[in-house]
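# Results of the structural survey
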Amino acid sequence: MDEEAVVKFVETYLKKKGFKQAELAFHEEIQQQNNSNNAVNIHSDPDLSTLLHSLSQPEDSPARYQDEYSKLRTWAYSSLDLYKHELLRVLYPVFVHCYMDIVAKGHIQDARNFFNSFREDHEMMHSRDLQKLEGVLSPSHLEEMEFAHTLRQSKVNIKICQYSDELMMQYLRKSKSTIILGIVNEHINFQVSPGQPISISDDPDAVTLIGSSQDAANQINKKEIHWGLLEDSLEERFEKTGGFLSDSEKTEGETKEGDMDENKKRSMDGGKQASIKKSKKDKAASATAKAVRLEANTVPAAPRVKPELPLPVMQAEVEQSILEDLRNRVQLSSATLPSVSFYTFINTHNSLNCSSISHDGSLVAGGFSDSSLKVWDMAKLGQQAGNSILQDENDAAPSEHVSGPNSGKRSYTLFQGHSGPVHSASFSPLGDFVLSSSADTTVRLWSTGLNANLVCYKGHNYPVWDVQFSPMGHYFASASHDRTARIWSVDRIQPLRIMAGHLSDVDVSSFCILFICIATGSSDKTVRLWDVQSGECVRIFIGHRSMILSLAMSPDGRYMASGDEDGTIMMWDLSSGRCISPLMGHHSCVWSLAFSCESSLLASGSADCTVKLWDVTTSTKPAKKEENKSGNTHRMRLLKTLPTKSTPVSTLRFSRRNLLFAAGALSKSQ
């Protein structure tokens, strides 16, 4: 670079910045130097040459964005392994904002080149975000598209150790990366922690790109919430009477007495060795039974809470039926896994959108793309010889609505009324009603006894993705594309509560056992917990990296599980809002989650055609010192994987007797 070029670069920079006095002083200095023939020799100072070259480029030059990001990327990948994983976290938000800044300045083609050059680095972790970001093609999109507008207005929280933070700032200053420094100051919030770097496996919410900051979420999570079990519930009364004791435990005392008498007789007759062996077996058996009971009681009992909203009165015959189920309930544990009954839909031709199973497993419902809802009665279906599989008989006459054993009639009850695809269905606790939600923005209540539509609930403005009955019936929740969830009662056509706060579609909802709060999962990758009485958000659960597809509340009122599109399941503590344990194992979307009745097991159903059973009690125990030293925080144990032949699992439900029901549509493409 010769002297004249340097002078021109400096003059251009001073004029651009409007430094008139500095420009005059510079001209005077140049004239004096020319007079004294004392030229500036920049060839001996390469740093000065580089600086002047960078200053000569306009600030909105895409080349500067490309150059600074490329250098930052090279530096991060070449850093020490101890700090590399933390420094690499910075690349994605910097990449996003570099791209949007280039678009905002109108350099669309340069923005596309920048995006395509570096997108592969982030494809694995942020594929869905990149698909949305790829649609930002003009400065107006930055304001019109909610995703881009949210990113521009919010800050990214990145957890990083103190030394990594110092390394990052030192590099940016030395390399004079002014553009990257500006992005870091404006759009990144470093949460600096002392000590060693935090690995991603130990901290699933290390990076969160959300609209509200982590600080705001932490503030919301400080709110007090009521959690636990219903006071004076039917289960509590039954438990106080000792009804949950199994038959073997009830007869344990009688068996011991009989064994003692028998041992005495044998000892008197000289059979001491046989009696000693038998007593040892008895002691071992009793010790095993005690160990199982102690394991179940390691977690302290949940508090009892009174309901805040009036609950429906339970009829005497219904109460008797539930008590009968409770008496026959199988106590599940890591050593006692449930039996599984799987219902397979065949010949659906990819038109099945959702399925639901009644609490006792006697009824199965399917929602279809042709706007129909179909309900199968398992008792009647079993009467048909050689046909125990749920079939979608699309070719049958539409007038045949009633199911029956004759081969000339349909094997299901057809409910028609929606004008769009049915996306969700939910049975009432007693199975006498079924709710369905549709793309036509409505929710409909159907009677399984009358085979008729009773009510059409209107309120949402966009498709309703999910509808769920509350555990006690009467109330239900709906989740919609309009980014709201609503609480309804079956006897009112207007919603009782509207919960708004998610930044994208509300995809799924789930009631807690108390009916004091309701959880909603969204495409914005967060789960929110809402107070039913006030309609306010009382918890925000952050950590998922893709949209939430399934939720489940534990019957003991203590925990919540959420599953996402990437196959990750997270177990949350409702009282603190913290993630207890992320569960890795599924390779595709987790469509359904269900807790066993005593909250000891979690079942998960996925599009990877498997049902997995997880040990909840292990994950919720306090961590041992040895585990903390080894850094093993993923303590939730996978007990068993149950593969299907070729059926993605769309629905799971534990009956009151702890039998696990599952359903899905046969996929020939698997």
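Residues numbered from 1 in each chain as written. Predicted model: local features only at pLDDT ≥ 70, side-chain atom pairs only at ≥ 80, totals over all residues. Heavy atoms only, no water.

What the chain contains, in helices and strands, is 21 helices and 33 strands. Scored against the burial criterion, the 670 residues of the chain give a buried share of 48%. Across the chain, contacts joining residues at least 24 apart in sequence account for 56% of those joining residues at least 6 apart. Accessible surface computed for the chain: about 32,700 Å², of which carbon and sulfur atoms make up 51%. (Helix = DSSP H or I, 4+ residues; strand = E, 2+ residues; numbered from the N terminus. Buried < 20%, exposed > 50% of the residue type's maximum accessible area, 1.4 Å probe, protein only. Contact = heavy atoms within 4.5 Å. Areas by Shrake-Rupley, 256 points an atom, 1.4 Å probe, with all protein chains shown as cover.)

Residues annotated in UniProt with the feature "repeat: WD" (unreviewed entry) correspond here to residues 345-378, 415-447, 457-498, 499-540, 541-582 and 583-624. Span residues 345-378 is 3% helix and 59% strand, its end C-alpha atoms 13 Å apart. (UniProt positions renumbered as here; feature names shortened; annotations may be inferred.)

Okay, the side chain of K612 next. Looking at the element boundaries, K612 is found in strand β30 (residues 610-615). Although buried, K612 forms no salt bridge, and the nearest oppositely charged side chain, D608, lies 5.6 Å from it. Aside from chain neighbours lying at most four places away, what touches K612 is G585, H586, L602, A603, S604, L638, K640 and T641. (Lys, Arg positive; Asp, Glu negative; His and termini not counted. Salt bridge = Lys/Arg side-chain N within 4 Å of Asp/Glu carboxyl O.)

On to the sheet that holds strand β16 (residues 464-469). Within the open sheet, the four strands sit side by side as β16-β17-β18-β19. Their pairing is antiparallel. Of all strands in the sheet, those bounded by a partner on one side alone are β16 and β19 (497-500). Along the sheet, successive strands turn relative to each other by an average axial angle of 15°, direction set aside. Two strands pair when backbone bridges link them, and β16 and strand β17 (residues 475-480) are joined in this way by five bridges, in the antiparallel orientation. Counterpart to V464 in the pairing with β17 is S480. (Pairing = 2+ DSSP bridges. Axes fitted to C-alpha atoms, helices over the stretch in contact; angles between N-to-C directions.)

Okay, the environment of H149 next. Relative to the helices and strands, H149 resides in helix α10 (residues 146-153). Once residues within four sequence positions are removed from consideration, H149 is found in contact with L142 and E143.

Further remarks concern the sheet that holds strand β31 (residues 637-643). If you trace the four strands from one edge of the open sheet to the other, you get β28-β29-β30-β31, paired in antiparallel fashion. Looking at the sheet topology across the chains shown, the edges are occupied by β28 (590-595) and β31. With direction set aside, neighbouring strand axes in the sheet form an average angle of 20°. Bridge analysis of β30 against β31 gives six bridges, and the strand direction is antiparallel. Within β31, the position partnered with T610 by the bridge is P643.

The buried fraction of strand β20 (residues 506-511) amounts to six of the six residues, a majority that puts the element mostly inside the structure. Taken together, the five bridges between β20 and strand β21 (residues 517-522) define a ladder with antiparallel strand orientation. Of the residues in β21, the one forming a bridge with S510 is A519.

To continue, consider the confidence of the model for the chain. Per-chain confidence: the chain averages 76 in pLDDT, with 70% of residues scoring 70 or above. Long-range and interchain partners of residues 393-408, a stretch whose pLDDT sits below 50, account for 29 contacts in this model, where long-range means more than four residues apart. A low-confidence stretch, residues 622-634 (pLDDT under 50), is modelled with 11 contacts involving residues beyond four sequence positions or located in other chains. (pLDDT = per-residue confidence, 0-100.)

Quick look at the environment of D608 now. Structurally, the position occupied by D608 is in the loop between β29 (601-606) and β30. Accessibility expressed as a relative area gives 19% for D608, which makes it buried. Taking the C-alpha atoms as reference points, D608 and H587, separated by 21 residues in sequence, lie 6.0 Å from one another. Excluding residues within four positions of it along the chain, D608 makes contact with H586, H587 and S588. Of note is the side chain of D608, whose polar atom sits 3.0 Å from the backbone nitrogen of H587. Within the local environment of D608, its side chain forms a polar contact with the side chain of T610, the two groups lying 2.6 Å apart. (Polar contact = N/O pair within 3.5 Å; in protein donor to acceptor, adjacent residues only side chain to side chain.)

Another point: helix α5 (residues 81-88). Residues Y83, E86 and L87 constitute the buried set of α5. Down the axis of α5, the buried set is contained in an arc of 95°. They therefore lie on one face. In this structure, the buried residues of α5 make contact with α4 (62-77), α6 (91-104), β1 (156-161) and α11 (162-174). (Arc of directions from axis to C-beta.)

Before going further, it helps to spend a moment on the packing of α6 against helix α7 (residues 108-118). Contact pair α6 / α7: the axes reach a minimum separation of 8 Å and the direction vectors enclose 165°. As summarised for this structure, α6 and α7 are arranged roughly antiparallel, according to the angle between their axes. Of the two elements, α6 crosses α7, and the hand of that crossing is left-handed. Seen from α6, the contacting residues are F95, C98, Y99, I102 and V103; seen from α7, they are I108, D110, A111, R112, F114, F115 and F118. Classifying every residue of the contact of α6 with α7 by side-chain character gives 10 nonpolar, no polar and two charged. (Parallel < 35°, antiparallel > 145°, perpendicular 65-115°, else oblique. Left-handed = near helix turned anticlockwise from the far one by under 90°. Nonpolar A, V, L, I, M, F, W, Y, C, P; charged D, E, K, R; others polar.)

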